[in-house]
Structures are given as structure tokens and as C-alpha cells.
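# Summary of the model geometry
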Amino acid sequence: MLNRKTEWKTSSRQAVGGAGNEPAASAAAPRRRTLPRLLSSSPPRRKRRHRLLEMTPRSAHVISTRSWAMPVIMCLLGILTVKVFFLSRSDEYVSSSRVQEMVEVEVQRRVQQQVSLLNSEPHTLPSEERGPAVANNFPPTADLSEKDRMRVLVTGGAGFVGSHLVDALMKMGHDVIVLDNFFTGRQKNVQHWIGHPSFHLITHDVVEPIKLEVDQIYHLACPASPPHYQYNPIKTIKTSTQGTLNMLGLAKRTGARMLLTSTSEVYGDPEEHPQRETYWGNVNPIGPRACYDEGKRVAETMMYAYENQGEMEVRVARIFNTFGPRMHPNDGRVVSNFIIQAIQGKDITIYGDGSQTRSFQYVDDLVRGLIALMNNNYSGPVNIGNPDEYTVKDFAELIKSSTESTSKIIFMDGTKDDPNKRKPDITLAKKELGWEPTVAVKDGLVETIKYFRGELKKTGEIIPTGPDASKPRNFADPDPPRQLRSP
Ligand SMILES: O=c1ccn([C@@H]2O[C@H](COP(=O)(O)OP(=O)(O)O[C@H]3OC[C@@H](O)[C@H](O)[C@H]3O)[C@@H](O)[C@H]2O)c(=O)[nH]1
């Protein structure tokens with residue numbers, strides 16, 4: 001050992017010194033070697049690798065002095081070669097060319113599958129390929145001529161009213177485009193049209209602009225139930241203002257006629273009864289309902305400003321309380337709450353003393369009214385509602401008897417700025433549109449109760465959305481209250 005070390009030291013000195021009898025080179029070499037040692041105990045990795053690869057006279061000398069190293073290295077190489085040979089024959093070993101071959105085959109298989117899907121008619125595909133969202137049979141649609149068929153946009157088309165309007169337009173034979181951000185809308189409301197060549201569903205928030213080619217626009221998008229629109233008042237205002245501006249911009253660019261679904265809430269807590277379209281309303285501009293009421297009022301203002309300035313065709317429907325199948329189980333409005341409570345034997349909750357009045361129309365009548373207004377020459381605002389007026393207390397009794405419920409009717413605190421009375425004057429709609437409601441409230445209730453019984457069967461229990469859900473959203477808590485989530 002000692003001899004070898006000495007031999008190595010001697011030979012390394014010989015190697016360095018022997019490399020050059022020039023003094024400059026031999027003086028510089030020790031300085032280069034000692035500097036890294038000051039910084040670390042071993043030389044840097046890169047340098048070490050470099051030294052191994054470099055065949056300097058010193059390393060050549062080291063190899064030559066370790067003559068036993070060569071057979072060991074050869075032996076190791078031999079073992080490695082044998083191992084690679086056996087591995088390549090085993091099942092676990094897959095060469096890179098084989099991997100590439102397998103990938104190509106798989107890609108080809110998938111492309112062929114997609115091409116065959118595209119070539120088949122959507123309604124003839126086996127159900128497992130279509131997925132659960134596509135209906136087996138579409139409802140029948142009219143075969144309109146190219147001249148009569150229109151591209152109709154329905155914003156909020158997956159909502160309660162929107163989806164019924166979509167049904168009517170599809171059945172008439174038009175091409176229908178639905179825009180919905182699914183805040184209160186549900187895909188299942190329009191599921192029966194998915195896959196139909198004339199139906200297009202786009203997930204989109206009207207607060208953002210969109211470019212489409214359309215002939216008519218029904219602009220419904222906006223939460224309409226008090227707990228929903230009060231949940232995020234700023235968003236409600238943006239939807240009615242920015243959303244309506246975006247749709248007006250689209251209408252102007254395409255030359256489409258546009259209908260805004262406004263509301264009886266533009267009359268606020270009315271001092272005129274029943275309300276005619278000429279009444280200017282009584283709205284608290286800073287109350288909890290203002291985000292919706294004032295939002296719709298300014299939306300109406302924008303519609304007529306565009307009409308006056310832009311030579312556009314606009315229509316405004318002031319919709320009164322509406323009910324029917326596809327109302328959201330967490331809607332929170334009086335019809336859905338009372339039915340849900342009654343069929344589950346829960347307390348029927350009246351806000352206030354129940355003397356306030358409302359007039360209820362069935363959704364089919366509303367849809368007929370909207371289509372009549374859109375396709376009529378009259379362009380001023382028109383009330384669309386059923387003048388059949390009830391106190392909320394009488395309405396609770398009606399629901400209780402219609403459902404043969406054992407529920408108790410209870411009275412809770414009234415809500416702020418709740419209008420005391422509401423009933424449409426529909427003289428104008430009768431005269432200009434030849435429209436009036438045809439479905440009696442009791443008949444409409446039969447269908448609606450049947451629908452909610454079906455929903456209850458699917459979900460087991462429905463917890464009605466109470467007045468607490470109306471509290472504006474706290475921005476520190478981004479999680480929506482349970483009542484606003486889809487069941
Ligand atoms: O559980 C309930 C729910 C509601 N109510 C009361 O029932 C009356 C009707 O309330 P709703 O929530 O159904 O609807 P509102 O009439 O207040 O607003 C509606 O007006 C017309 C539409 O444009 C809108 O859809 C909506 O804003 C109110 O007096 C309300 O306080 C109850 O007594 N109990």
C-alpha cells in the first residue's frame with residue numbers, strides 16, 4: 001500500500017513535471033488544483049468528469065499501473081451484454097420502435113371510431129355512444145321552407161320560461177340557439193333537443209359579448225326569483241345592463257329584431273291598480289329589489305334608445321307572475337314554495353299577513369304571448385299576464401286543497417319593499433296582439449303539482465328556499481348558500 005501511494009505520488013509528480021520542462025507550466029498547475037480545495041473538500045463534479053474523460057499523461061499512467069482494471073471492466077461489460085440480450089427477449093421489454101408502432105395503431109383506431117360516429121345520423125346512434133344527454137326521439141317539428149325558417153337566439157333558454165319558449169320555436173321549425181350561463185338554468189330543461197340538427201346550446205354569460213348570425217333575439221337571461229336576483233345584486237345589475245347592451249349590439253350588427261323580457265316589477269309597489277303600460281311605477285331605487293327592478297327599467301330604456309338612434313326593431317314584454325313545470329325546485333317564489341311545502345306536509349310559509357295580492361299565469365300562455373309580440377308590428381311595452389288575482393293567503397289555501405295536504409299555514413315576517421298588490425291590465429295585449437290567457441290557474445296548477453311530485457320522487461326531499469337566501473352574497477364567502485345549488 002505504502003509503496004503504491006509513494007509510487008503514485010512520485011509518478012504524479014513525474015507526470016506533472018514531466019509534461020513540461022517549461023517552468024511556467026509547472027508553476028501554474030499546483031495553483032489551479034489548490035483553489036477548488038479551498039472552496040470544497042472535493043473538486044466540482046463537472047471538473048471531475050472532465051478529468052476522467054481526459055486522457056492526460058497522468059491518467060494514462062494510472063491505467064497502465066492498474067493492469068488488473070482492464071479484465072474487470074471487460075468482465076462487467078460482458079455481464080451487461082448478456083443481461084440486455086435476455087431482457088430484450090422477455091415480455092416486459094418493449095423497444096421504442098414497438099412503442100411507436102402501438103401508438104400509431106391506437107391513434108388510427110380512435111380516428112376511425114370518430115369518423116364513423118360523424119358519418120352516422122345522431123338519432124340512429126346506439127344510446128351508449130350518444131350518452132345520456134341525448135334524447136331517443138325528438139318531439140315533432142314543422143318543416144318550414146328556407147324562406148320562413150329563422151335563426152332564433154334565446155338567451156336564458158335553459159331556464160324555466162326560456163326552455164318552454166325553445167320548445168315552441170323548435171316545434172315551429174326554426175333553428176334555435178340557446179345561450180345560458182346555468183346560474184338558474186338547467187341543461188335538463190332542454191335535454192330533449194340535444195343532438196337535433198336545428199338546436200344549438202352554448203354555455204355563455206351575456207355579460208360577455210358574443211358574435212353570432214341571427215334573425216331574432218329573445219333576451220330572457222336574468223335571474224327572476226327574488227332570492228336568486230338578490231343573492232348577487234351586482235351581477236344582476238350587470239346582467240340587465242351590460243347583458244342587454246351586448247344583445248342590442250348583436251341585434252344591431254345582424255339586423256335582428258330583439259325582444260326583452262321585462263317585468264311587472266318595473267311598476268314597483270304600484271299606486272295604480274290594475275297596472276297599465278302607461279303607469280310609470282313606484283320603485284325604491286336603493287331597496288333590496290332595486291337590482292332587478294331598476295335593472296329591467298334601464299334595460300327598457302336602452303331598448304328604446306337603440307330603437308330611436310339605431311333604427312332597430314325592438315319589443316318589450318312586461319311579464320307578470322308565471323308558473324308551470326320546470327320551475328327550479330329551489331326557485332323560492334310563492335308557487336313553487338307552497339307546492340313543495342304542501343306535497344311534503346311541511347308548513348306553508350306566508351311572508352307578512354298574506355293580504356298582498358298577485359295574479360298568476362300559466363307558462364304556456366306566456367310563451368304564446370311572447371311569440372305573438374315578437375311577430376307583431378306593435379313596438380311599445382306590453383303587459384303579458386293573467387288578471388286572475390289572489391291574496392297570498394287565499395293562494396296558500398288553494399294550494400293546500402289542490403294537493404290534499406295536511407300542512408299547516410304559518411305567518412312569517414314580511415319582506416322589505418314587497419309590493420302590496422299586482423294585477424295586469426291586458427287591454428293592450430288583447431287589442432294589439434289578439435292575445436289573452438287561456439289556461440285557468442287551477443288547470444295550470446294540476447300540471448305543476450304533477451311536475452313537483454315527480455321531482456320529489458327523484459330527489460327524496462326538497463327543502464324550500466326561504467327568505468334568508470335573499471341575503472346578498474358576502475364576497476368573503478364565495479360558497480353559495482345550499483338553497484341556490486341545483487339539486
Ligand atoms: O314562500 C313564500 C314565497 C313568497 N311569498 C310571497 O308571495 C308573493 C309573491 O312572491 P314571489 O316571490 O313569488 O314573486 P314576486 O311577485 O315578489 O316577484 C316576482 O314578480 C314578477 C316576476 O317578474 C318575477 O318573477 C318576480 O320578481 C310575495 O308577496 C311574497 O312575499 C310568500 O308568502 N311565501
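Residues numbered from 1 in each chain as written. Predicted model: local features only at pLDDT ≥ 70, side-chain atom pairs only at ≥ 80, totals over all residues. Heavy atoms only, no water.

Rules: UniProt positions are given in the numbering used here, feature names are shortened, and annotations may be inferred rather than shown by experiment.
The protein has the name UDP-glucuronate decarboxylase in an unreviewed UniProt entry, where Ectocarpus siliculosus is given as its organism. What the UniProt record of the protein gives under Pathway (unreviewed entry) is the line "Nucleotide-sugar biosynthesis; UDP-alpha-D-xylose biosynthesis; UDP-alpha-D-xylose from UDP-alpha-D-glucuronate: step 1/1." Entered under Sequence similarities (unreviewed entry) in the UniProt record, the comment concerning the protein runs "Belongs to the NAD(P)-dependent epimerase/dehydratase family. UDP-glucuronic acid decarboxylase subfamily."

### Overview of the overall build of the protein
Condition: Secondary structure counts use DSSP, requiring at least four H or I residues in a row for a helix and at least two E residues in a row for a strand, with both numbered from the N terminus. Classification of residues uses two cut-offs on accessible area relative to the type maximum, computed with a 1.4 Å probe and protein chains only: under 20% is buried, over 50% is exposed, and between them is partly exposed. Here, residues are in contact when the closest pair of their heavy atoms is within 4.5 Å. Computed by Shrake-Rupley with a 1.4 Å probe, the accessible areas treat only the displayed protein chains as cover when residues are assessed.
Each helix and strand in the protein was counted, giving 16 helices and 13 strands. For the protein, the proportion of its 487 residues judged to be buried stands at 43%. In the protein, the proportion of contacts linking residues at least 24 apart, taken out of those at least 6 apart, comes to 81%. On the protein, roughly 27,300 Å² of surface is accessible, and the fraction owed to carbon and sulfur atoms is 55%.

### Considerations on the site of the ligand
Using the following cut-off: Whether a residue is near a molecule or strand depends on its heavy atoms: if one lies within 4 Å, it is near. Two N or O atoms form a polar contact when they lie within 3.5 Å of each other; inside protein one atom must be a possible hydrogen donor and the other a possible acceptor, and for residues adjacent in sequence the pair counts only when both atoms belong to side chains. Note on residue classes: Ala, Val, Leu, Ile, Met, Phe, Trp, Tyr, Cys and Pro are nonpolar, Asp, Glu, Lys and Arg are charged, and everything else, Gly too, is polar.
The immediate surroundings of the ligand are formed by 23 residues, with Thr263, Glu265, Arg333, Arg358 and Asp418 found nearest. In this structure, an oxygen atom belonging to the ligand sits 2.7 Å away from a side-chain N or O atom of arginine 289. Glutamine 356 is positioned with one of its side-chain polar atoms (N or O) 3.0 Å from an oxygen atom of the ligand. Burial of the ligand by the protein chains amounts to 96% of its free accessible area of 670 Å². Tallied by class, residues from the shell around the ligand come to 10 nonpolar, 7 polar and 6 charged.

### Thoughts on the packing of helix α12 (residues 334–343) against helix α14 (residues 392–402)
Heads up, the rule is: For helices, the axis comes from a line fit to the C-alpha atoms of the stretch in contact; other axes are also lines fit to C-alpha atoms, and the angle between any two N-to-C directions lies between 0 and 180 degrees. With respect to orientation, any angle under 35 degrees is reported as roughly parallel, any angle over 145 as roughly antiparallel, any angle of 65 to 115 as roughly perpendicular, and every other angle as oblique. Throughout, a crossing is termed right-handed when the near helix is turned clockwise from the far one, and left-handed when it is turned anticlockwise from it by less than a right angle.
Axis separation between α12 and α14 bottoms out at 10 Å; the angle between their running directions is 40 degrees. When the axis of α12 is compared with that of α14, the two are oblique. The crossing of α12 and α14 is right-handed. Note on element contacts: α14 touches α12 through Val392, Phe395, Ala396 and Ile399, opposite Val334, Val335, Phe338, Ile339 and Ala342. For the contact of α12 with α14, a count of residues per class yields 9 nonpolar, no polar and no charged.

### Some words on the packing of aromatic side chains
The condition is simple: We call Phe, Tyr and Trp rings a pair once their centres come within 6.5 Å, taking the six-membered ring for Trp, and we label the pair stacked below 30 degrees between planes, edge-to-face above 60, and tilted otherwise.
For the structure shown, the criterion picks out 10 aromatic pairs. Ring centres 6.0 Å apart and planes at 15 degrees place the aromatic pair phenylalanine 183 and tyrosine 231 in the stacked group. Taken together, the residues span a long stretch of sequence, with phenylalanine 183 in the loop between β2 (175–180) and β3 (199–203) and tyrosine 231 in helix α9 (residues 226–231) at a distance of 48 residues.

### Regarding the pattern of salt bridges
Note the cut-off: By definition, a salt bridge exists where a carboxyl oxygen of Asp or Glu is found within 4 Å of a side-chain nitrogen of Lys or Arg.
With the rule as written, the count across this model stands at 23 salt bridges. One salt bridge connects aspartate 205 with lysine 235, and the closest N-O pair in it is separated by 2.5 Å. Placement of aspartate 205 in the loop between β3 and β4 (216–219) and of lysine 235 in helix α10 (residues 233–254) is noted, with a sequence separation of 30 residues between them. Overall, the relative accessible area of 29% leaves lysine 235 in the partly exposed class. Through salt bridges with shared partners, a single network forms among Arg186, Lys188, Glu455 and Lys458.

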